[in-house]
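A closer look at the structure
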Amino acid sequence: MFSKELQELDHNTVIYMIDELQDQLDEAKGQLDKANATISEKDAAISMKDDTIADLQLKIKALESRLSK
């Protein structure tokens, strides 16, 4: 009887530990999702700035060409 009670306690402890680890994993996944969203937003902003830079470089070349004529 004592052995069965200890076995049940051990089983419950394992279940509890698994639940705690799952909670930690879920929290880590949530943080990772937030970080990935932030990175995606920043990548989009960088891409827009790259496009702006490319447009400005074309305008500069056009102006330089006009000035050299």
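Residues numbered from 1 in each chain as written. Predicted model: local features only at pLDDT ≥ 70, side-chain atom pairs only at ≥ 80, totals over all residues. Heavy atoms only, no water.

**Remarks on the overall build of the chain**
Inclusion rule: A run of DSSP states H or I qualifies as a helix once it reaches four residues; a run of E qualifies as a strand once it reaches two. Both are numbered from the N-terminal end. All radius of gyration figures rest on C-alpha atoms, and the globule criterion is 2.2 Å times the number of residues raised to 0.38. Burial classes follow relative accessibility: with a 1.4 Å probe on protein chains only, a residue under 20% of its type's maximum area counts as buried, one over 50% as exposed, and anything between as partly exposed. Here, Shrake-Rupley sampling with a 1.4 Å probe gives the accessible areas, and only protein chains in the shown set may cover a residue. Under the counting rule used here, the positive set is Lys and Arg, the negative set is Asp and Glu, and His together with the chain ends is not counted. Where a charge lies is defined by one atom per residue type: Lys uses NZ, Arg uses CZ, Asp uses CG and Glu uses CD.
The number of helices and strands found in the chain is 1 helix and 0 strands. The globule rule puts the C-alpha radius of gyration for 69 residues at 11 Å, and the 30 Å found for the chain is more than 25% above it. Dimensions of the chain, computed from C-alpha atoms along their principal axes, come out at roughly 100 × 10 × 5 Å. The buried share among the 69 residues of the chain stands at 0%. Split by element, the accessible area of the chain, about 6700 Å² in all, is 60% carbon and sulfur. Taken as two groups, the 9 positive and 15 negative side-chain charges of the chain have centres that lie 20 Å from each other.

**Re the environment of Asp26**
Inspection of the secondary structure assignment puts Asp26 in helix α1 (residues 2-68). Sequence separation between Asp26 and Ala45 is 19 residues, and the spatial gap between their C-alpha atoms is 29 Å.

**Remarks on a nonpolar patch on the surface**
Where we set the bar: Patches here are clusters of residues that have more than 30% relative accessible area and form no salt bridge, with a 9 Å joining cutoff for like charges and a 5 Å cutoff for nonpolar side chains (Val, Leu, Ile, Met, Phe, Trp, Tyr). Put simply, a salt bridge is a Lys or Arg side-chain nitrogen that is within 4 Å of an Asp or Glu carboxyl oxygen.
A contiguous nonpolar surface patch, about 330 Å² in accessible area, is contributed by Phe2, Leu6 and Leu9. Tracing the backbone through its elements, the reader meets Leu9 in helix α1.

**What about a negative patch on the surface?**
Together, Asp19, Glu20, Asp23, Asp26 and Glu27 give the surface a local cluster of negative charge. Its location among the elements puts Asp23 in helix α1.

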